[in-house]
Amino acid sequence: MAASIVKRVSRVKKLNVSHISARYKLLTGSRHFSTSKQWNNALVLGVYENESTDSIDFTGTARKFDEKADGKISQLLLTVKKPLKCGKTRTLHAVDPEFSSVLVTCIGKRGEGYDELETVDKGRESIRAAVAKAVLQLRELGENEIEVDSCGDTEASAEGCHLALFSYDDLKAEKSRKPAVRISCATRYSQDKNSMEKEWRKGAILAEGQNLSRRLMEMPANLLTPTKFAEIIKEQLADKCEVLVRDKDWAESMKMGSFLSVARGSVEPPVFLEIEYKGRQSDSPLALVGKGVTFDTGGISIKPSQGMDAMRGDMGGAACVAGSLLSVSKLQLPVHVKAFIPLCENMPSGSATKPGDVVTAMNGKTIQVDNTDAEGRLILADALCYSEQFNPSLILDMATLTGAIDVALGAGAAGVFTNSENMWNKLQKASVRSGDRVWRMPLFNHYTKKITECQLADLNNIGGSRSGGACTAAAFLKEFVNNKNWLHLDIAGVMSNSGDVAYLGKGMSGRPTRTVIEFINLMSKETKN
């Protein structure tokens, strides 16, 4: 990444190597549930924001439960004269013999929908945040089996729960890990339980994909080498996808000089992953490309030491591609997807690429490497060229590419550069549904000139100044794309979460995995029609 994103993530201080392989089995975010453990039942119920101190505006499930409990819920809530506001909760005990705790959470105003200024569906986002807070509070109380109100949007409710309960503590002592919690949808009062359970399962699968992305991004770089990344993805996706693991010799035979120039400084061999999911027959697959730098020191143009530990997450694009494919395959979407993931480390050594070196990409273009910390675009260049060989209907790449996008957008949205208005509209629509926002950035020729004006080669890997760094990086990638439906997502600003998203804990975020899954879902429906 051209400039490191200095967002601290706690270091793993002690490591019991003998336990690592067993803990890899937790990759999808699920926990091992002991059959001998005593499980405590708890219930989450939703209410709408209401200024009245005389009545409670319950969701359908909450209203029926209140009736079953002879009105105890409404009575207890009305004893507190201050009405619940969005995101606030009340925890009640001894109101029903079946549940040790009943937590009431406010999901906002009834009927909230798309907010044009915020570019999200506020109703869905409020549900995700409200149920997330509820299940976390119940976990703190020691509750380990929780039924959750659908709150009028079962999918969003499931997403909020499963995303909130994720934690990467596999390398900690057993006593220091978060306790396992089983969650399910409170379908007992629904007239259409099958439909509700189907939507709950979809929401859980969407969250599972993002949680896989988060787990991969959190893993220490000494445990998640390019080779180990490939092994894990093969294990996770082999049931429904074809996974091809290409080695250095293959990359050399394909003349991927740009990709290999980044890998030169590391003792870890580079890997190029090629993954195919065939939910339908097609000669023009959707192509996903993900940057897979499993650790980025900056190379010879070395980064400052402060915050460098977070550069284990510089393979966020690769992780999000993997998470997206996991969910797409589990949802059995009728779509043909091919994914391309170049994996390597960017390390300084006697064999590392030096500033001023010139390398040749797969398409024959020469690149003057003036900054070895602008390495992501170098490995993506060859991956994009290779993806074009499969006649894709569109190409979407994701990369924690530039610190400049973090300066521009922060954690508010992923930056999107595209040559297709139609594809942008679909991606933006997908982000409204997922709640994980995107924002379009310019691909002007103004930026192309910054990287084509080069002393020694066809292109320079940096734009000559700090101005418009995310835009010049995208302009560089554009030189390796012929496809008329190309989207480049610079996700460096959304790489980690420090409280920006209420239903994601602190740490690596796995964004924008769910937006990409929703986008692929939209494309699959269009193709089917």
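Note that the structure is a prediction, hence the values are computed from the model and not measured.

(A) Highlighting the nonpolar core. By size, the foremost hydrophobic cluster in this structure holds 66 residues, and its most contacted members are Leu-216, Phe-229, Ile-275 and Leu-396. Element by element, the count of residues in this core is highest for helix 10 (residues 316–330), at eight residues. Looking at this core, you find at least three residues from each of domain 1 (41–191) and domain 2 (215–527). Membership of the second largest hydrophobic core comes to 47 residues, among which are Ile-367, Ala-383, Phe-417 and Ala-475.

(B) Expanded view of the UniProt feature "domain: Cytosol aminopeptidase" (unreviewed entry) in the protein. As recorded in UniProt, the feature "domain: Cytosol aminopeptidase" (unreviewed entry) lies at residues 371–378. In this annotation, residues 371–378 is assigned 38% helix and 0% strand; the end-to-end C-alpha distance for the span is 11 Å.

(C) Highlighting the pairing of strand 10 (residues 271–278). Taken across its eight residues, strand 10 has seven buried, putting it largely inside the fold. One ladder, built from five bridges, connects strand 9 (residues 242–246) with strand 10; its direction is antiparallel. If you follow Val-245 over to strand 10, its bridge partner there is Leu-273. Bridging between strand 10 and strand 13 (residues 336–346) involves eight bridges; their strand directions are antiparallel. The residue bridging Lys-278 from the neighbouring strand is His-336, located in strand 13.

(D) Geometry of the environment of Phe-272. Of note, Phe-272 is situated in strand 10. For Phe-272, a relative accessible area of 1% gives the class buried. Along the sequence, Phe-272 and Phe-259 sit 13 residues apart, while their C-alpha atoms lie 9.5 Å from each other. When residues no more than four places from it in sequence are discounted, the contact partners of Phe-272 are Leu-244, Val-245, Arg-246, Trp-250, Met-256, Phe-259, Phe-340, Ile-341, Pro-342, Ala-383 and Tyr-386.

(E) Quick look at the sheet that holds strand 14 (residues 357–360). The mixed open sheet is built from three strands, whose spatial order is 14-15-19. The strands lining the two open edges of the sheet, one partner per strand, are strand 14 and strand 19 (459–460). With two bridges joining them, strand 15 (residues 366–369) and strand 19 adopt parallel strand pairing. Bridging from a neighbouring strand, Ile-367 pairs with Leu-459 of strand 19.

(F) Summary view of unusual backbone geometry. Omega for the bond connecting Arg-511 with Pro-512 falls within 30 degrees of zero, at 5°, which places this linkage in the cis form. In this structure, Ala-94 is a non-glycine residue whose phi angle is positive, near 60°. The exposure class of Ala-94 is exposed, given its relative accessible area of 69%. You will see that Thr-119, though not glycine, has its phi angle at about 50°, which is positive. Counting through the fold element by element, Thr-119 comes out in the loop between strand 5 (114–115) and strand 6 (120–121).

(G) Layout of the pattern of salt bridges. What the rule picks out here adds up to 33 salt bridges. Its salt-bridge partner being Lys-303, residue Asp-296 comes within 3.5 Å of it at the nearest N-O pair. Of the two residues examined, Asp-296 and Lys-303, each falls in the buried class. One network of salt bridges, in which partners are shared, links Arg-124, Asp-153, Glu-155, Lys-202, Arg-433 and Glu-518.

(H) View of the domain arrangement of the protein. Assigned domains of the protein: these are domain 1 (41–191) and domain 2 (215–527). Put simply, the middle of domain 1 and the middle of domain 2, counted by C-alpha atoms, are 37 Å apart. Across the boundary between the two partners, domain 1 contributes 20 residues, which contact 16 residues of domain 2. Carbon and sulfur atoms supply 55% of the area buried between domain 1 and domain 2, which totals about 1600 Å² over both sides. The largest contributions to the domain 1 side of the interface with domain 2 come from Thr-119, Leu-163 and Tyr-168, which together make up 31% of the buried area. The interface formed by domain 1 and domain 2 holds four salt bridges in total. Where Arg-437 meets Glu-118, a salt bridge forms, and the shortest distance between an N and an O atom there is 2.9 Å. Inspection of the domain 1/domain 2 interface yields nine residue pairs in polar contact (both at pLDDT 80 or more).

Scoring rules and cut-offs
- Residues numbered from 1 in each chain as written.
- Predicted model: local features only at pLDDT ≥ 70, side-chain atom pairs only at ≥ 80, totals over all residues.
- Heavy atoms only, no water.
- Core = buried A, V, L, I, M, F, W, Y, C linked by side-chain atoms within 4.5 Å.
- Buried < 20%, exposed > 50% of the residue type's maximum accessible area, 1.4 Å probe, protein only.
- Helix = DSSP H or I, 4+ residues; strand = E, 2+ residues; numbered from the N terminus.
- Domains from an automatic or database assignment.
- UniProt positions renumbered as here; feature names shortened; annotations may be inferred.
- Pairing = 2+ DSSP bridges.
- Contact = heavy atoms within 4.5 Å.
- Salt bridge = Lys/Arg side-chain N within 4 Å of Asp/Glu carboxyl O.
- Buried area = accessible area lost by both parts, 1.4 Å probe.
- Polar contact = N/O pair within 3.5 Å; in protein donor to acceptor, adjacent residues only side chain to side chain.

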